[in-house]
Each structure stands twice: as C-alpha cells, then as structure tokens.
Amino acid sequence: MSLDHFRPPAKKLKTIESFFKSKRGDKSSELLPSTDNVGMPTSSHHEHGTSQQQKNPSYAQPTISSKAKEVVVQRNGGTYERDPGLRCQIYEYPVNQRDEVRRSYLRQGPFKPRLSKYPPTWDGRQDRYFQYSWLRQHSWLEYSIEKNKAYCFPCFIFETDPPKRPAFTIEGFSDFKHIGSNKTVSTCSFVQHVGHIKSSHMVVVEACENIRRPSRHIDSVFRKQSKELIAKNRLRLKVAIETVRVLGLHACPFRGNDESLESTNRGKFIGLMKYATILNDKIVEVVLGNAPGKAMYTSPKIQKEIIHILANKVKDTIRAEIGDAKFCILVDEAQDSSVQEKMAIVLRFVDTNGCIRERFFAVRSVEDTTSLTLKREISESLASHGLLVENIRGQGYDGASNMRGAWNGLQALFLRDCPYAYYVHCCAHRLQLALVEAATDEQDVYLFFEKLKVIVKLVGASPKRHSQLKSAAVLEVATKLADGELETGSGANQTRTLKRAADTRWSSHFGSVFSLIRMYNPACIVLQNVMKNGNTSKIRGMAEGAYLAIRSFEFVFILHLVGSVMAATEVLCQALQKKTQDIVNAMNLVKSTKVLLQELRDKNWVNFFGNVKSFCDEHDIVLPEFSDRYMMGTGRSCQQKDHITIEHHYRVDIFNAVIDFHLLELSNRFTEESMELLVLCSAFSPDENYKAFDIDSLCSLAERFYPDDFTGQEVCVLRSQLQHYKLDIADNPDFGNMTTVAELCQRLVETGKSNAYDLIDRLIRLVLTLPVSTASAERVFSCMNIVKTVPRNKMGNEFLGDCMIVHAERQIAEKVSCDSIIDDFASLRPRKVQFS
C-alpha cells in the first residue's frame, strides 16, 4: 500500500492572486516536524510495506551497487540516503571509504521521522501501528518511511557480510505486536535485540562511541600525547579556525598567488597568522615554521574543511531556530562571475520569541532553470537538514514563468506536495513592474527619463567634470550661507553628486531625481562648460541639447512631478525590502500609498504648482502664460489645440494623467481585494485600536486555509480564545500603540499570553510566515558578487556556498564556538595529532 493512499486527495492549485476554494482533506499522513528528525530521505516517493513477508535476500559477495556509486560521488557534499529502508549497506562501499561513511552517518544520527499517524501493518488479525514513543524510548532505534519498518542504527553502522543481524539492518522489523511497555523482557522484541551487556548489539554500540571519540581510537592509544602537547595542537588549530572565520566573515580570499617562503605576498590567510604571532608569544611556538610538518593547518584543503564545518554549524543553528515551526521558502536565480546559474534559498519563519526571521540557507548550482530542476535542488537542500516539504506554508518568487506558472511552475509543483504552501509574487518586484510600466507608458515621463540619463551621463562622465560639479556646488552653498538662505549644522550642506538610475532598482530613480533637484545650478554650470570646451562637436552638441532640455519649464515641471510621486512610493519601496515585514502591513502600505497619490491629485495641485513656480523663479526659468492656448511642437510645425490651454495641458494631460496611471498600475499589480487570504489575515491587524479585528474572519482563515494545522475541535476552541482575547486586550496597556501583526506576535510572547492563547499565537505565526518579497534572496546574490569575483571565478560550488553562508549570516557565524569546530574537525577523519 503506498503512502499516497493515506494522503489527502489532490486539490486545485491555489495562489494568493487567484484563489480557489479549499476543501478539508484527510490529514492522516500529516508529517510533523521533530527535533529528533535530523534528516529526511532524498526520495520523494514513499511506499510502505504490507503484511507480506519479504523474501530473504541473497548474501552473495556484493559489489558496489548503482545507488552506492551515486552516494560515493556525492559523499564530499555530505549527501547520504537517510531512510534506512533505502540506503545501501556500508559493506557495499570500498574498504578504504567505509570509515568515512560511518563517520558521516554517526554525525547525522538515527533517522527518527515523526508522523501524525504511521501506516498500518497487518499481523493476520488486525492492523498494528508503529509508535513515535518507541523512537524516544530507544536511542538506537530508527524508522523507515519507505518500508514502514524499524531498524537498528548501531547495528547498521557495523553490519558485516554476511550480515549477523539482518532483521534489524537489512530486512527491517515489522512485528509490532510484540512491542510495548506492557511486554515483559522475554516478549518485547526491542529488549531482546538489545540483550545483555556483552551482546552483539552492545558491542557495536560501544564501537560507535569509540569512533565518535578520536581519543579512543587504537592509534591514538598507542601514541598518547601529553596534555601540554594537546593544548598546543588545539591552539594551533584555533589560530587557523579564527583566521578562516575572519576571512569568511569579510568575504576575503584565502590564498595568495605565491605562498612560498620567499614570497613577499603569501596571501591573507598566512598573513593574518603571521600578525597573530606578533600579538601572542605562545602562538609563535605552535604555528607556521614552528608547527609539525604534517600538521601545519595552512593548506587549502584544511581551509575548506574548516569553513565547511563552520557553515554547517550556521545551518544547524538556523535549523534549531526553526524547530517545529512552519516556514516559507524564498528562491531566486542569477549567474555568477563564471557564468554558472546559481539558485539561492532563503527560509522565512517566526522564531520562539515571535520575531520574523529570513535566513540564507543554501546556494545551489543548477544546470538549467526548469521548474523540475529547481524543485529537486530545493527538496534536497531541505531534506539534508530534516526540513519537511509538508511544513512549507509559503512560497516567494519573482514573476518568471518557470516560477509562477499555474500548472507546471515551481509553485504549482510544491502545491501538489503541500497544498497550503501559498504562493506570493514578490511585492517589491510587483512594485517595480508597476512603476516601470507607468514610467514607460506615459510618453512625457518616458522622454523625461531619457533626457535625465543624458544629463547625468554628461555631467559625471569624467573626473574633470565631476570636480567641476563639486566646485560649483561648494560655491553655491557658500553663497547661500552668506545670504542667510542656509543654516549651518553638523552634517548639513555636504557636497553631493548626481546619482545614476539603475533599471532594476526603482529607488535609484528617486535618488537620481532628488539629486538633480538639489544640484540643479551646478549641473547647469557643468553643461555650459561642456558646451564651450567639449572635445568634439558631438559632445558639444549633446551638451547644448541637454542644457536646453534642463532649462525648459516642461522638464522642471515633470522633474518635480516625478519627485513627488516617487516620494509617495519610496516608503513602500523600502518597507517591502525589510526582512521583518509582514504581508498584512505590506498591503496596508499599498493602500496608504494609493491614498497619498489620490490626495496629491485631488487636493495638492496648488501647493505643487507653487513649489514649481518658486523653483523656476529661483533659477530664472521662464514660465509660460497658462491662459494661452497650448501649441503642440515648436516652430513652423506647431499645431494649435482648440479649447486646450497650457494650464489644462500641464494639469490634466500631464499631472493628472501621470498620477492616474500610477494608481491604475498599483491597483492592477496589488489586487488585494481579490486575495481572500489576505483579507482574512488583515483581521489580525492591531492598527487603529484593532478596528479590523473580526472573530468570524479569523476562524474562517484557520478552517479554510490551514485545515492541516487546526482540527475541527481546535477551530471551536480558537473561537473561544478569540472572544476572551478581545476582552483581554480592550483596556490592556501592553497591547496598545501597535500597528503591525509582527509587533502583536512579539508582544504576546513578551507578556506570556502566547501560552494562554496558544491557538491564536499559532495562527498569527502562520500569517507572518507568508512571504512579502525576495529581497533577502537578491541580497544573497550581492554577497555572491563579493565572494566570487573575477580573480576567484574558479571556486568550487561547495566552497562558494560555505563562504557565502558564513558571510551572509555573520551574526550566527561569529557566535559559533571554536571548541565545537575543533571537535568536529578531529572527528571528520583520522588526524596526525590529538586534540583531546
């Protein structure tokens, strides 16, 4: 019987933009997170065994199976099959690789998946079920999702050929009838397997402990070293670890072009170690030239091992932060400096303190960007640290078709495995599309930005012009200070320059517009100088055209109009890129942005035109007669528009039209009215003294959108908790002056009410898990450009990923204990020296 038999029936694809009514499905196979579950199988299809007994396998002399070969290829990346019913036996590996495989499995520990209900096994009379409590009771026990059987982890580690304990290593144990606390020692199969103190099971348990502790290895016993020598060994390695940590935190290269003793530049790694010897005399005695020839710990291999251990420690910390919580995946792709496609995976979740976290978790090299390839890579990354796909409660991608496709896109593939992993199109990307569309569709605004590009390019094209711009700005500030138009103060009146706009960052357009308004006179002076002293007639002609454009009233009018519109959207643009932003507050910011734009259109024309007029008077720009009829074009080709005045043209055809188009694009891109999920989530908002709080909406949110997280009984209890909660917060000063759901979640934890209102706290955390933007994933690629530069474009994928996670999650990497890294380093493989 396959696991699909116990899974809920397939549901229609749901996204936030296009919502289809969800139905409660059977939850008998819900996979729950567990702190004991340190890994998940890489296979995505789980089939359980039945009551039929499997035939005894043939124990002929084995060869390396195809599966084993695949694992051997991937062993450097630490990828081994976790499910005991799928993995190959250790004796199938080459002899010289078996100890390495044993150590890898011992670091990961037994496979203890926690299921809400384990599939049945027919014993001839009735169905028997595996119990999760058995995994907690017996540290050596592990369970196979694929086979629905129990296995012994230590016996697997040291199983021989032919096998001595096939029932718990190869065949698997499924006679659950004879297991339980009410069974006697003579009838409980697990107790019988453990046996007496010198049984075969206890022997392999002792062997596992010995291989975990390098100091107990036979070769270590023969060459037992003194405590003083061990302290020196640890100090030497500690210097290497801290050097790697510093270089990793700051994304610096490790090696030099020539690391020989005669070289004057041996690289940053050896350079920092040399500086460490200057600060401490004890370090001088143990590193570099004073270190043993085979234990200097300066080779590239050692450096990669250390940073790989540090990166794994960071990932383990992130995994511990997630714990049993649901999480969201944020994914983006980009090319590195060696033109290889990389995929960044960021996890969004709410920690135990109620704070929203977005943690960079992995970067994967992908052969192509098809949805199937991306899904496979993401699933493998999550499974390697015991994160279940079934616990995903949100997906955040950009608007690429391979991501958002409703049928074959990445979000659709994950929805088939987890129907509650709701997809949200990156809000920052949607805002970008809305603003770019508004800027390119309106002809006057499009021409303005084209002229602005030319002006910025001409003014800042060379150091000479850049110097002229700064000199003119300093002179203007000095003149205004002398006339009393400016006030002095710390940080005031600093020299600035014109900013260039980037196509992929709309905030840069606002910076470009704002800088030109403040540097208007210096920019005009530089253009005049280029008109007179340009090197070629082409440059002089471009400068003259740019000068005529910048001195026109239409350019100044649109300059201020675009600045006013973008000032209203800049707050939204910056807020959407915050890691702690929640989807409810993001939609509220969209609404407030629309309100500000509408007020600018309906009520602020007089103030806006007054500012434009003052700017023109200050800079001697001629204003047209607004009561005259508007003439299209210039010179003989001009055309008269009857009944259209110049004032009507600027106010209606430009001012109103530009704002209306921005409002239309924001409404089309952010259609929150049709997002039923977001409408229900907004009922949690504490803004305006909980004006939107609605018990029916919140109960509907839990029942319709998260049926796997709330049973029918819990929904009834949730309604009761919400009623008490509404009365509790009415006059409670601890819950006042809050505007976001994120603040509410933290306040519940701080006041201890998250325990009293546990179901409310659970629902709030699910709401906060919904993604807002993929800005964190984009920041990862900024990190990649720092780590993998053109001189370092030959970095391996694993080394690149380790460097990136250490650099991106610096706060965690700084706190990793050096002693724990030393212990992992010592157990990674046999060492020439002892560390304990």
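Being a predicted model, the structure only gives us computed values, none of them experimental.

Asker: Quick question: what am I supposed to make of the overall build of the chain here?
Answerer: Along the chain, the regular secondary structure elements total 36 helices and 13 strands. Scored against the burial criterion, the 836 residues of the chain give a buried share of 50%. Of the roughly 40200 Å² that the chain leaves accessible, carbon and sulfur atoms contribute 51%.

Asker: Looking at this structure, I do not really get a nonpolar patch on the surface. What am I missing?
Answerer: A cluster of nonpolar residues, V246, L272, Y275, I278 and L279, forms a patch on the protein surface that exposes about 550 Å² of accessible area. Per-element tally for the nonpolar patch: the top contributor is helix α10 (residues 268-279), with 4 residues. By secondary structure assignment, the location of L272 is in helix α10.

Asker: I'm lost on the packing of aromatic side chains in this one. Help?
Answerer: Think of a pair of aromatic rings as described by two things: how far the centres are apart, and how the planes are tilted against each other in angle. This structure, assessed with the given rule, holds 39 aromatic pairs. Their ring planes at 65° and their centres at 5.7 Å tell us that Y422 and F705 sit as a pair that is edge-to-face. Within this pair, whereas Y422 is found in the loop between α15 (410-417) and β11 (423-425), its partner F705 is found in helix α28 (residues 695-705), the two being separated by 283 residues in sequence. Residues Y422 and F705 agree in their burial class; the two are buried. Members of the aromatic cluster, each reached through a chain of ring pairs, are Y118, F130, W134, W140, Y143, F168, F173, F176 and F190. Its guanidinium or amino end placed over the ring of F799, K304 lies 5.5 Å from that ring's centre, counting from NZ or CZ.

Asker: Teacher, can you tell me more about the pattern of salt bridges here?
Answerer: If the charged atoms of two oppositely charged side chains come close together, the side chains can form a pair. Inspection of the entire model under this criterion finds 31 salt bridges. For K313, the salt bridge goes to D824, with nearest N and O atoms at 3.0 Å. Taken together, the residues K313 in helix α12 (residues 300-322) and D824 in helix α36 (residues 818-828) connect sequence positions 511 residues apart. A salt bridge links R357 to D351; its shortest N-O distance comes to 3.0 Å. Take D351: its relative accessible area is 8%, and that puts it in the buried class. Where salt bridges share partners, they join R364, R376, E377 and E380 into one cluster.

Asker: When you look at the confidence of the model for the chain in this model, what are you seeing that I'm missing?
Answerer: Low pLDDT marks regions whose predicted coordinates should not be analysed in detail. Here the chain averages 80 in pLDDT, and 83% of its residues register 70 or above. Here strand β1 (residues 31-32) stands out as the least confident element of the chain, with mean pLDDT 34; helix α35 (residues 810-815) is the most confident, with 94.

Asker: In this structure, what is going on with the packing of helix α13 (residues 371-383) against α15? I would like to understand it.
Answerer: When two helices pack together, their arrangement is given by the angle between the helix axes and the distance between those axes. Running from N to C, α13 and α15 point in directions that differ by 50°, and their axes come no closer than 9 Å. Relative to α15, α13 is oriented oblique. In terms of crossing hand, the pair formed by α13 and α15 is right-handed. Here α13 contributes S371, L372, L374, K375, I378 and S379 to the contact with α15, which in turn contributes L410, L413, F414 and D417. Tallied by class, residues from the contact of α13 with α15 come to 6 nonpolar, 2 polar and 2 charged.

Asker: Explain the environment of K594 to me, please; I cannot follow it from the model alone.
Answerer: Within the secondary structure, K594 sits in helix α23 (residues 583-602). Remark: the alpha-carbon pair of K594 and S667, spanning 73 residues in sequence, is separated by 8.4 Å.

Asker: Looking at this structure, how should I read the pairing of strand β6 (residues 149-152)?
Answerer: A regular strand carries its side chains on alternate faces of the sheet. Burial along β6 is two-sided: K149 and Y151 and A150 and C152, pointing in opposite directions, are all buried. Here strand β5 (residues 141-144) folds back onto β6, and the loop between the two strands holds 4 residues, one of which, N148, carries a positive phi near 60°.

Asker: Teacher, can you tell me more about the sheet that holds β11 here?
Answerer: Either a parallel or an antiparallel arrangement is found when strands of a sheet pair, and the pairing is made through backbone hydrogen bonds. Across the sheet, 5 strands lie side by side as β9-β8-β7-β10-β11; this open sheet has mixed pairing. Pairing within the sheet leaves two strands with one partner each, and these edge strands are β9 (356-365) and β11. Geometrically, the sheet is characterised by an average inter-axis angle of 25° between neighbouring strands, direction not taken into account. With 3 bridges connecting them, strand β10 (residues 392-397) and β11 associate as parallel partners. Paired with Y397 across the bridge in β11 is H425. Sitting on the sheet, α12 touches β7 (327-335), β8 (341-350) and β9, and the angle it makes with β9 is about 135°. Against the sheet, helix α33 (residues 775-787) engages β7, β8 and β9, with an angle of about 135° to β8.

Asker: What should I look at first to understand unusual backbone geometry in this one?
Answerer: A negative phi angle characterises most non-glycine residues, just as the trans form characterises most peptide bonds. Even without a glycine there, the phi angle at A251 is positive, about 55°. On the secondary structure map, A251 appears in the loop between α9 (227-249) and α10. We classify A251 as buried; its relative accessible area is 11%.

Asker: Honestly, the nonpolar core in this entry has me stumped. Any pointers?
Answerer: Nonpolar side chains in soluble globular proteins generally cluster together in the buried interior. Ranked by size, the top nonpolar core spans 116 residues in total, and within it I550, F557 and Y706 carry the most contacts. When residues in this core are grouped by element, the largest group, 14 residues, is from helix α22 (residues 553-575). Grouped together as the second largest cluster of nonpolar side chains are 80 residues, I322, L382, I812 and I822 included.

Asker: How do you make sense of the pairing of β7 when you look at a structure like this?
Answerer: Within β7, 7 of the 9 residues are buried, which leaves it mostly tucked inside the rest of the structure. Summarising the sheet, β7 and β8 pair through 9 bridges and their orientation is antiparallel. Looking at β8, one finds that C328 is bridged to R348. Adjacent in sequence and paired antiparallel, β7 and β8 are bridged by 5 residues, among which V339 carries a positive phi angle near 60°. For β7 and β10, the ladder comprises 3 bridges, and the chain directions are parallel. Each bridged residue has a counterpart across the sheet, and for I329 the counterpart in β10 is Q395.

Asker: What should I look at first to understand the state of the cysteines in this one?
Answerer: Note on terminology: disulfide describes a covalent bond linking the sulfur atoms of two cysteines. All chains considered together, the criterion is met by 0 disulfides. Of the cysteine sulfurs around C427, a residue in no disulfide, the closest is that of C426, at 6.7 Å. As a non-bridged cysteine, C745 has C355 as the owner of its nearest cysteine sulfur, 8.0 Å distant.

Analysis parameters
- Residues numbered from 1 in each chain as written.
- Predicted model: local features only at pLDDT ≥ 70, side-chain atom pairs only at ≥ 80, totals over all residues.
- Heavy atoms only, no water.
- Helix = DSSP H or I, 4+ residues; strand = E, 2+ residues; numbered from the N terminus.
- Buried < 20%, exposed > 50% of the residue type's maximum accessible area, 1.4 Å probe, protein only.
- Areas by Shrake-Rupley, 256 points an atom, 1.4 Å probe, with all protein chains shown as cover.
- Patch = residues over 30% accessible without salt bridge, like charges linked within 9 Å, V, L, I, M, F, W, Y side chains within 5 Å.
- Salt bridge = Lys/Arg side-chain N within 4 Å of Asp/Glu carboxyl O.
- Phe/Tyr/Trp six-rings, centres within 6.5 Å; stacked < 30°, edge-to-face > 60°.
- Lys NZ or Arg CZ within 6 Å of the ring centre and 35° of its normal.
- pLDDT = per-residue confidence, 0-100.
- Axes fitted to C-alpha atoms, helices over the stretch in contact; angles between N-to-C directions.
- Parallel < 35°, antiparallel > 145°, perpendicular 65-115°, else oblique.
- Left-handed = near helix turned anticlockwise from the far one by under 90°.
- Contact = heavy atoms within 4.5 Å.
- Nonpolar A, V, L, I, M, F, W, Y, C, P; charged D, E, K, R; others polar.
- Pairing = 2+ DSSP bridges.
- Core = buried A, V, L, I, M, F, W, Y, C linked by side-chain atoms within 4.5 Å.
- Disulfide = S-S within 2.5 Å.

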